Amino acid sequence: MKKCLRCNKQATHHITEIKNGKTVALHLCDQCVGEYLNTVDVGGIPDDLEDPLSIGPIGSIASDSPVESTSEACPKCGMTYKLFRSQGRLGCPHDYQHFHDELIPLLESIHHGETQHVGKIPPKVSEESRKQYELIRLKNELKLAIEEEAYEQAAELRDQIQSLNEESSSVEQD
């Protein structure tokens, strides 16, 4: 059973910070984790930190660097970009537009240059299952294209779906 790094109560939250290639594990209780998340930027662990026990009071680990975002709080929910980075969750759907300029580089870094997560297919999936995944994806895109009245794109998607269905039919007949 781990003890809180700050007050020695039972640790209920385990945070791993990576700064300049160094990994620091923080074990905090409910009270101390709230203080930590409110006072530290993501990556706020000091560069010279060798031992996580040397952190001391939670307030002392806040970064002196300027806030990453110059955006003001969301007018709908009050979420700030700094709070989003510390919690990992946005406050409302409006935040995606409000923090657009900050979120795009973040999403690109997470999704290897893309801004949309497209999912993964398990490596040991049969070719037939892969085609089924592709059909589902194409049908969802077709539905969206029709809703957006993008009829040329919808026609291309329809043709791709028909082609995949014909391939599946010819394989089944062989």
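As the structure is a prediction and not an experimental result, all values here were calculated from the model.

**Section: the overall build of the protein**
Per the secondary structure count, the protein includes six helices and two strands. Going residue by residue from the N terminus, the α and β elements of the protein occur as β-β-α-α-α-α-α-α. Every one of the 174 residues in the protein was classed for burial, and the buried ones make up 25%. Sequence-distant contacts, at least 24 apart, represent 33% of the contacts inside the protein between residues at least 6 apart. By element, 50% of the accessible surface of the protein is carried by carbon and sulfur atoms, the whole surface being about 12,300 Å².

**Side note on the nonpolar core**
Counting nine residues, the largest nonpolar core is built from Cys4, Ile15, Val24, Leu26, Leu28, Cys29, Cys32, Val33 and Tyr36. Sorting the residues of this core by element identifies strand 2 (22-28) and helix 1 (30-39) as the ones contributing at least two each. Core analysis: the next-biggest nonpolar cluster, separate from the first, contains eight residues, Leu135, Ala145, Ala154 and Leu164 among them.

**What about the packing of aromatic side chains?**
As enumerated under the stated definition, the model contains two aromatic pairs in all. Between the aromatic rings of Tyr81 and Phe84, the centroid separation amounts to 5.6 Å while the plane-to-plane angle is 45 degrees, which identifies the pairing as tilted. Here Phe84 and Tyr81 lie together in helix 2 (residues 81-87), a separation of three residues that amounts to about one turn. With respect to class, Tyr81 is no different from Phe84; both count as buried. Between Tyr81 and Phe99 the ring centres are 6.0 Å apart and the planes differ by 50 degrees, which places this aromatic pair in the tilted class. Highlighted residues: Tyr81 in helix 2 and Phe99 in the loop between helix 3 (95-98) and helix 4 (100-110), separated in sequence by 18 residues.

**Looking at the pattern of salt bridges**
A complete count under the given rule lists four salt bridges for this structure. Salt-bridge contacts for Arg137 lead to Glu134; the nearest nitrogen and oxygen are separated by 2.5 Å. With a gap of three residues between them, Arg137 and Glu134 both fall in helix 5 (residues 127-147), about one helical turn apart. Judged by its relative accessible area of 36%, Arg137 is partly exposed. The class of Glu134 is partly exposed, set by a relative accessible area of 29%. By sharing partners, the salt bridges in this structure join Glu134, Arg137 and Glu141 into a single network.

**Here we look at the side chain of Ser86**
Considering the arrangement of structural elements, one finds Ser86 in helix 2. Among the polar contacts listed, one links the side chain of Ser86 to the backbone oxygen of Leu83, at a separation of 2.9 Å.

**Concerning helix 5**
Between its first and last C-alpha atoms helix 5 spans 30 Å; for 21 residues at 1.5 Å apiece the expected length is 30 Å, and the two agree. Buried residues of helix 5: Lys131, Leu135, Leu138, Leu142 and Ala145, and no others. Across the axial projection of helix 5, the buried residues extend over an arc of 90 degrees, all falling on one side. Structural note: helix 5 exposes Lys143 and Glu147 on the side pointing more than 90 degrees away from its buried face. Directly after helix 5, the chain includes Glu149, whose backbone phi takes a positive value near 60 degrees.

**Quick word on the environment of Ile146**
Its place among the elements puts Ile146 in helix 5. With sequence-adjacent residues up to four places away left out, Ile146 is seen in contact with Tyr151 and Ala154.

**Side note on the state of the cysteines**
Applying the stated criterion to the full structure yields zero disulfides. Note on Cys29: no disulfide assigned, nearest cysteine sulfur contributed by Cys32 at a separation of 3.6 Å. A residue is classified by how much of its surface remains accessible, and Cys29, at 4% relative accessible area, is buried. According to the relative accessible area criterion, Cys32 is buried, its value standing at 3%.

Rules behind the numbers
Residues numbered from 1 in each chain as written. Predicted model: local features only at pLDDT ≥ 70, side-chain atom pairs only at ≥ 80, totals over all residues. Heavy atoms only, no water. Helix = DSSP H or I, 4+ residues; strand = E, 2+ residues; numbered from the N terminus. Buried < 20%, exposed > 50% of the residue type's maximum accessible area, 1.4 Å probe, protein only. Contact = heavy atoms within 4.5 Å. Areas by Shrake-Rupley, 256 points an atom, 1.4 Å probe, with all protein chains shown as cover. Core = buried A, V, L, I, M, F, W, Y, C linked by side-chain atoms within 4.5 Å. Phe/Tyr/Trp six-rings, centres within 6.5 Å; stacked < 30°, edge-to-face > 60°. Salt bridge = Lys/Arg side-chain N within 4 Å of Asp/Glu carboxyl O. Polar contact = N/O pair within 3.5 Å; in protein donor to acceptor, adjacent residues only side chain to side chain. Expected span 1.5 Å × (residues − 1). Arc of directions from axis to C-beta. Disulfide = S-S within 2.5 Å.

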